[in-house]
Amino acid sequence: MWWRRLRYLLLLVALCAIATCPAAKRSCTAKARAREADELLTYLADRVEAHVASTGRVPATAAGPTPQLRCCEQGGVCHPDSTAWASEGWRALGFSIDGEHRFSYQ
């Protein structure tokens, strides 16, 4: 008798897990994408801080938006492109993204 009740309880737990699986995947994906932006912005802030420490000022030339918004605004992945990061402002900071990314930086 107790086995039948336990079986129904386990079935209920499994159905609840299956029902929440897509929401959990979306949440995990959103967190991973936000983590990418946080990590790269932290790295960029460190590069700006190092440049200010060595020269006493921020780079005179602005950089960005890099890459162009066409790949990132569609929710896609921007592929690495070393020529996109070759502008004077990015070179002064020594900043580039060598892997795939989802955001544009400025």
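Residues numbered from 1 in each chain as written. Predicted model: local features only at pLDDT ≥ 70, side-chain atom pairs only at ≥ 80, totals over all residues. Heavy atoms only, no water.

**Remarks on the overall build of the chain**
- Check the secondary structure of the chain and you find 3 helices and 0 strands.
- The order of helices and strands in the chain, counted from the N terminus, is α-α-α.
- Counting the 106 residues in the chain, one finds 18% classified as buried.
- Counting only contacts in the chain whose residues sit at least 6 apart along the sequence, the fraction spanning at least 24 positions is 62%.
- When the accessible surface of the chain is totalled, it reaches about 7900 Å², and 60% of it is carbon and sulfur. (Helix = DSSP H or I, 4+ residues; strand = E, 2+ residues; numbered from the N terminus. Buried < 20%, exposed > 50% of the residue type's maximum accessible area, 1.4 Å probe, protein only. Contact = heavy atoms within 4.5 Å. Areas by Shrake-Rupley, 256 points an atom, 1.4 Å probe, with all protein chains shown as cover.)

**Brief notes about the nonpolar core**
- Judged by nonpolar contacts, Ala37, Leu40, Leu44, Ala63, Trp85, Trp90, Leu93, Phe95, Ile97 and Tyr105 together constitute the single largest core of 10 residues.
- Counting residues per element, this core draws most heavily on helix H1 (residues 2–55), which supplies 3 residues.
- Apart from residues lying up to four places away in sequence, alanine 37 is in contact with Phe103 and Tyr105. (Core = buried A, V, L, I, M, F, W, Y, C linked by side-chain atoms within 4.5 Å.)

**Topic: the confidence of the model for the chain**
- Chain-level pLDDT for the chain is 79 on average; 86% of the residues reach the 70-or-more range.
- The spread of mean pLDDT over the elements of the chain runs between helix H2 (residues 69–72), the lowest at 64, and helix H3 (residues 88–93), the highest at 86. (pLDDT = per-residue confidence, 0-100.)

**With respect to the pattern of salt bridges**
- Scanning the model with the defined rule gives 2 salt bridges in all.
- In this structure, glutamate 36 and arginine 102 form a salt bridge, with 3.9 Å as the shortest nitrogen-oxygen distance. Placement of the pair is glutamate 36 in helix H1 and arginine 102 in the segment after H3, with a sequence separation of 66 residues.
- Take arginine 102: its relative accessible area is 28%, and that puts it in the partly exposed class. (Salt bridge = Lys/Arg side-chain N within 4 Å of Asp/Glu carboxyl O.)

**Description of the environment of proline 67**
- Relative to the assigned elements, proline 67 resides in the loop between H1 and H2.
- On the basis of relative accessibility, which here comes to 15%, the residue proline 67 falls in the buried class.
- Spatially, the C-alpha atom of proline 67 lies 7.8 Å from that of tryptophan 85, the residues being 18 residues apart in sequence.

**Thoughts on the side chain of histidine 101**
- Topologically, histidine 101 is positioned in the segment after H3.
- Using a relative accessible area of 1% as the deciding quantity, one classes histidine 101 as buried.
- Within polar-contact distance, the side chain of histidine 101 engages the backbone oxygen of glycine 99 at 3.1 Å.
- Excluding residues within four positions of it along the chain, histidine 101 makes contact with Glu36, Pro67, Gly76, Val77, Cys78, His79 and Trp85. (Polar contact = N/O pair within 3.5 Å; in protein donor to acceptor, adjacent residues only side chain to side chain.)

**Examining the packing of aromatic side chains**
- Tallied over the full model, the rule gives 5 aromatic pairs.
- Seen in terms of ring centroids, tryptophan 90 and phenylalanine 95 are 5.2 Å apart; in terms of plane orientation they differ by 35°. Their pairing is tilted. Taken as a pair, tryptophan 90 and phenylalanine 95 share a single burial class, namely buried.
- Within the aromatic cluster, the residues linked to one another by ring pairs are Tyr43, Trp85, Trp90, Phe95 and Tyr105. (Phe/Tyr/Trp six-rings, centres within 6.5 Å; stacked < 30°, edge-to-face > 60°.)

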